[in-house]
Amino acid sequence: MATARKALRIAIAWGCAIAWSEIAYSAIAWSASLSGEPHPYAQSPTFGVGRTPKPDEVKAIDIDVTPDGKGLRPGRGTAAAGKDVYTRRCETCHGPTGTEGPQDVLVGGRGSLDTFTPQKTVGSYWPYATTLWDYINRAMPFDHPGTMTADEVYGATAYVLFLNGIVGEQEVLDPTTLPRLKMPNRDGFVSDPRPDIPAKKRN
Amino acid sequence: MHQNLTRSRRWFLRLGAAWSAALVACRSRTSAPGPSAEPRAIGAAVSSYGSRSRFEKAARFVDQNTKVPLEEAASLTPLHETYGIITPSSLHFERHHSGVPEIDPATHTLTIHGLVDRPLVFTVDELKRLPSVSRIHFLECSGNSRGEWRGGSTESDVQRIHGLTSCSEWTGVPVATLLRECGVQPAATWVLAEGADAGKHDRSIPMKKALDDAMVVYGQNGEPLRPEQGYPLRLLLPGWEGNTNVKWLRRLKVMNQAAMSREETSKYTDLMPDGTARQFTFEMEAKSLITKPSGGDTLASAGLFEMTGIAWTGRGTIVRVEITADGGATWTAAQLETPVLPRAHTRFNFSWKWDGREALIASRCTDDTGYTQPPLPELIKVRGTNSQYHNNGIQTWKVASDGKITNGNRA
């Protein structure tokens, strides 16, 4: 009986401790959000599940490229060299000049975005050249993604940008030059203003 | 005791005899085949995995008439042929970007890396050891109902217009739990989610959502995720546009910027009349549909009908659904059926007496932020007709005097 009471007391004490730690945790989260101190999740206890990945394991899947060029693989390409890659790997779906389809139109459309027939192409719509490199590297060609060398990706990127009049035929694209390109529609995006339909009394 | 038993047995036998007599009497009066008229063949044996009756034919709609490869096409839920709020997993809509991969859960892993103190890789089994939650949430493609921006086909139906929404019970681990395991660094503002499908579909998610109600999901409606829904792991962002709920999830990278992936720049952005485009339009706004009766149905005769439908909002909980039968001149509250859950389909019913004359029927809903689903023309007034995504406008069905129902959005 005495043991049972003791166990109960311990259980209650534990319960209080957990409840208090939740409150304290919220307080830390709140104050950290004001003061810019380290994120509270950094200090939290862990379950000890999962293992540390080896650097090679992360490297193998860490494929994304950001607008500052981080993530671009070493390599280089020009439109002149990329024409061949485009013809072999891209033309069937996107047409000889990037305008014929049958899949996404890649070229043209400048000045069409505010008309009744907007054409959202790489040249008219895409805000970052790095996105084009990332997407070709990640997902193209549609039926064999992930099979192009870094140089082929630079080449295909350069050729599509050349067809759009954004780079010259001999302009070298590499991890340094590609992020520096300013795409025509770079400033064409705004943040989400919704709800954008004014709340009003409806009948 | 023994006497009682005997008596009750006798009573039972007498009852049986009476029943048989009644059945014989029935049979002699009608020639219609009833269960008793059939030879009493023994039914099917128990089975290891159930399937529906062969008489039921509800199916997803796949538009074969498209130049888009079917690996990156969509299939649409038959909303008019589902009940309650849960969509059967086999009828959940699909939209893939490079086909449905076949993934062995024994070898699949989720890696969390980037701006974290302790990068971690989890097997599917390890994720299942962590504290789990089960939540009922809708999932809607932001391109749902897109045809209506420019006036869809009058002959279309609720499945083909609006079938890119479904609702399931999802089971998994809060992303916040996983991020806590890894220790998020102070500079972190975004989490990149990436799939293991052929095209490595990826979207950047604001840290706030990741820490709020995001889940890494392995269960759907009581069983493992269907392959079309991301087996063995997917991201679930309650109330947010479908494509951000990355399927076949293989990694979460904690970052201090958005990746500006193809999907979040050139694809899932909403073009406005002035040529600018809205980006990171994550939330699906309040929307409702009368699913029965709806386009393609024919009312047999004037009189009483049960209208039914669904309402949902990505911002919270549905508090009201109203019905009009006169094109929006007057509105009457519908009955919300329980459960009414946040960011879930909510079932509504409404008893309607059709007078046999032409009618324009529609539903509109209001959520707990006070937002009311707008008429489509009001959306178009602000957004034009180029935006493609996020059409949550009111759907009107036109009932002709002969009972035939068509898409009434242009009526």
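Every value quoted in this text rests on a predicted model; they were computed, and no experiment measured them.

Reading the values: rules and limits
Residues numbered from 1 in each chain as written. Chains lettered and ligands numbered in written order. Predicted model: local features only at pLDDT ≥ 70, side-chain atom pairs only at ≥ 80, totals over all residues. Helix = DSSP H or I, 4+ residues; strand = E, 2+ residues; numbered from the N terminus. Buried ≥ 20, exposed ≤ 12 C-beta atoms within 10 Å, placed from the backbone. Contact = placed C-beta atoms within 7 Å. Arc of directions from axis to C-beta. Pairing = 2+ DSSP bridges. Nonpolar A, V, L, I, M, F, W, Y, C, P; charged D, E, K, R; others polar. Axes fitted to C-alpha atoms, helices over the stretch in contact; angles between N-to-C directions. Parallel < 35°, antiparallel > 145°, perpendicular 65-115°, else oblique. Domains from an automatic or database assignment. Core = buried A, V, L, I, M, F, W, Y, C linked by C-beta atoms within 7 Å. Left-handed = near helix turned anticlockwise from the far one by under 90°. pLDDT = per-residue confidence, 0-100.

**Student:** It is not clear to me how the overall build of chain B should be interpreted in this structure. Could you clarify?
**Tutor:** Scanning chain B from terminus to terminus reveals seven helices and 24 strands. The C-alpha extent of chain B, read off along each of the three principal axes, is 80 × 60 × 40 Å. Out of the 411 residues in chain B, the part that is buried amounts to 49%. A separation threshold of at least 6 residues defines the contact pool for chain B, and within that pool the share at least 24 residues apart is 71%.

**Student:** When you look at the overall build of chain A in this model, what are you seeing that I'm missing?
**Tutor:** In terms of regular secondary structure, chain A is built from six helices and one strand. For chain A, the N- to C-terminal ordering of α and β elements is α-α-α-α-α-α-β. Buried positions account for 32% of the 203 residues belonging to chain A. Look at the contacts in chain A between residues 6 or more apart in sequence, and 59% of them connect residues 24 or more apart.

**Student:** What exactly am I supposed to notice about helix H7 (residues 376-383) of chain B here?
**Tutor:** An α-helical segment advances 3.6 residues per turn. Residues three or four places apart therefore align on the same side. Residue and element names in this part refer to chain B. Every buried residue belonging to H7 is among Leu376, Leu379 and Arg383, and all of these are buried. Projection of H7 onto a plane perpendicular to its axis shows the buried side chains occupying an angular sector of 60 degrees, all on one side. Residues of H7 that are exposed and point more than 90 degrees away from the buried face comprise Pro377 and Lys381. Two residues or fewer past H7, glycine 384 is found with a positive phi of approximately 70 degrees.

**Student:** What exactly am I supposed to notice about the sheet that holds strand E16 (residues 287-292) of chain B here?
**Tutor:** Strands in a sheet are paired, the pairing made by backbone hydrogen bonds, and the direction either parallel or antiparallel. Residues and elements named next belong to chain B. Pairing within the open sheet is antiparallel, and its four strands lie in the order E16-E17-E21-E20. Only two strands of the sheet have a single partner each, and these edge strands are E16 and strand E20 (335-336). Bridging between E16 and strand E17 (residues 303-312) involves five bridges; their strand directions are antiparallel. Paired with lysine 287 across the bridge in E17 is tryptophan 312.

**Student:** What's the story with the interface of chain B and chain A in this structure? I'm lost.
**Tutor:** Interfaces are frequently sized by the accessible area removed from exposure as the parts join. Listed per partner, the contact involves 59 residues of chain B and 48 residues of chain A. Sorting the residues of the side of chain B that touches chain A by element identifies strand E4 (109-114), strand E5 (120-123), helix H2 (124-129), helix H4 (175-182), strand E13 (249-255), helix H6 (262-267), strand E15 (277-279) and H7 of chain B as the ones contributing at least two each. Looking at the side of chain B that touches chain A, its residues break down into 23 nonpolar, 18 polar and 18 charged. Alignment of strand E1 (residues 189-191) of chain A against E15(B), held across three bridges, turns out to be parallel. Paired with Phe189(A) across the strands is Ala277(B), a residue of E15(B).

**Student:** Help me understand the packing of helix H3 (residues 79-89) of chain A against helix H6 (residues 150-163) of chain A in this model?
**Tutor:** A packed helix pair is summarised by two numbers, namely the angle formed by the two axes and the spacing between the axes. Residue and element names in this part refer to chain A. One can describe the packing of H3 onto H6 by two numbers: an axis separation of 7 Å at closest approach and a directional angle of 100 degrees. Here H3 is positioned roughly perpendicular relative to H6, judged by the angle of their axes. Along the contact surface, H3 presents Ala79, Ala81, Gly82, Lys83, Val85, Tyr86 and Arg89, while H6 presents Glu152, Gly155, Ala156, Ala158, Tyr159 and Phe162. Counted by class, the contact of H3 with H6 contains eight nonpolar, two polar and three charged residues.

**Student:** I would appreciate a short explanation of unusual backbone geometry in the present structure.
**Tutor:** Excluding glycine, most residues fall at negative phi; most peptide bonds, likewise, are trans. At the junction of Arg194(A) and Pro195(A), the peptide bond is cis and its omega measures out at 5 degrees in the coordinates. With an omega of -5 degrees, the peptide bond running from Lys292(B) to Pro293(B) counts as cis.

**Student:** How should I be thinking about H4(B) in this particular structure?
**Tutor:** Summarising burial for H4(B): seven of the eight residues are buried, a large majority. Just beyond H4(B), the residue with positive phi is Gly183(B), at close to 75 degrees.

**Student:** I tried to follow the domain arrangement of chain B on my own but got confused; where do I start?
**Tutor:** All names here are of chain B. Examined at the domain level, chain B breaks down into domain 1 (61-278) and domain 2 (287-407). A separation of 26 Å is found between the C-alpha centroids of domain 1 and domain 2. Those elements that place two or more of their residues in the side of domain 1 that touches domain 2 are strand E6 (133-140), helix H3 (158-162) and strand E14 (270-271). When the residues that make up the side of domain 1 that touches domain 2 are grouped by side-chain class, the tally is 14 nonpolar, 12 polar and six charged.

**Student:** What should I look at first to understand the sheet that holds strand E23 (residues 396-399) of chain B in this one?
**Tutor:** Strand order in the open sheet made by the five strands is E19-E18-E22-E23-E24 (chain B), with antiparallel pairing throughout. Only two strands of the sheet have a single neighbouring strand rather than two, namely strand E19 (332-333) and strand E24 (405-407) of chain B.

**Student:** Where do I start with the nonpolar core in this structure?
**Tutor:** Taken as a class, soluble globular proteins show a tendency for nonpolar side chains to be buried jointly. By size, the foremost hydrophobic cluster in this structure holds 85 residues, and its most contacted members are Val191(B) and Val216(B). A per-element tally of this core places H6(A) first, with nine residues. If near-sequence neighbours (up to four positions away) are discounted, Val191(B) is found in contact with Ile205(B), Met207(B), Ala210(B), Leu252(B), Lys253(B), Val254(B) and Met255(B). Core analysis: the second largest hydrophobic core is formed by 33 residues, Ala344(B), Phe348(B), Cys365(B) and Leu379(B) among them.

**Student:** Would you mind going over the packing of helix H5 (residues 129-139) of chain A against H6(A) with me for this structure?
**Tutor:** Residue and element names in this part refer to chain A. H6 packs onto H5 with a crossing angle of 130 degrees between their chain directions and a minimal axis gap of 9 Å. In terms of their interaxial angle, H5 and H6 are classed as oblique. Along this stretch, H5 crosses H6, giving a crossing that reads as right-handed. Across the interface between the two elements, Ala129, Leu132, Trp133, Ile136 and Asn137 from H5 touch Val153, Ala156, Thr157, Val160 and Leu161 from H6. Class assignment of the residues belonging to the contact of H5 with H6 gives a composition of eight nonpolar, two polar and no charged.

**Student:** What should I look at first to understand the confidence of the model for chain A in this one?
**Tutor:** In regions of low pLDDT, the predicted coordinates are not meant to be interpreted in detail. In the predicted model, chain A carries a mean pLDDT of 85, and the fraction of residues at 70 or more is 75%. Here residues 15-36 of chain A scores under 50 on pLDDT; set against residues more than four positions off or in separate chains, the count is eight contacts.

**Student:** When you look at the pairing of strand E9 (residues 202-206) of chain B in this model, what are you seeing that I'm missing?
**Tutor:** The side chains of a regular strand alternate, first on one face of the sheet and then on the other. All names here are of chain B. Of all five residues that make up E9, four are buried, and the element is covered over most of its length. Sheet topology note: the strand E8 (residues 190-195)/E9 ladder contains five bridges and is antiparallel. Paired with valine 191 across the two strands is isoleucine 205, which belongs to E9. Counted between consecutive antiparallel strands, the loop separating E8 from E9 contains six residues, among which lysine 200 sits at a positive phi close to 50 degrees.

**Student:** I'm lost on the confidence of the model for chain B in this one. Help?
**Tutor:** Residue and element names in this part refer to chain B. Summary statistics for chain B give a mean pLDDT of 93 and a share of 91% for residues scoring 70 or more. Ignoring residues within four places in sequence, the model shows residues 1-6, a span with pLDDT below 50, making zero contacts including any to other chains. Counting interchain partners and residues more than four positions distant, the pLDDT-below-50 stretch residues 20-30 has three contacts. Under the prediction, the complex receives an ipTM of 0.89, its pTM being 0.87.

**Student:** Could you clarify how one ought to interpret the pairing of E8(B) in this entry?
**Tutor:** Residue and element names in this part refer to chain B. Within E8, six of the six residues are buried, leaving the element largely enclosed by the surrounding structure. Covered by surrounding structure in E8 are Trp190, Leu192 and Glu194 together with Val191, Ala193 and Gly195, the residues of both alternating faces. As judged from the six bridges shared by E8 and E13, these two strands associate in the antiparallel manner. Note on E13: the bridge partner recorded for glutamate 194 is arginine 251.

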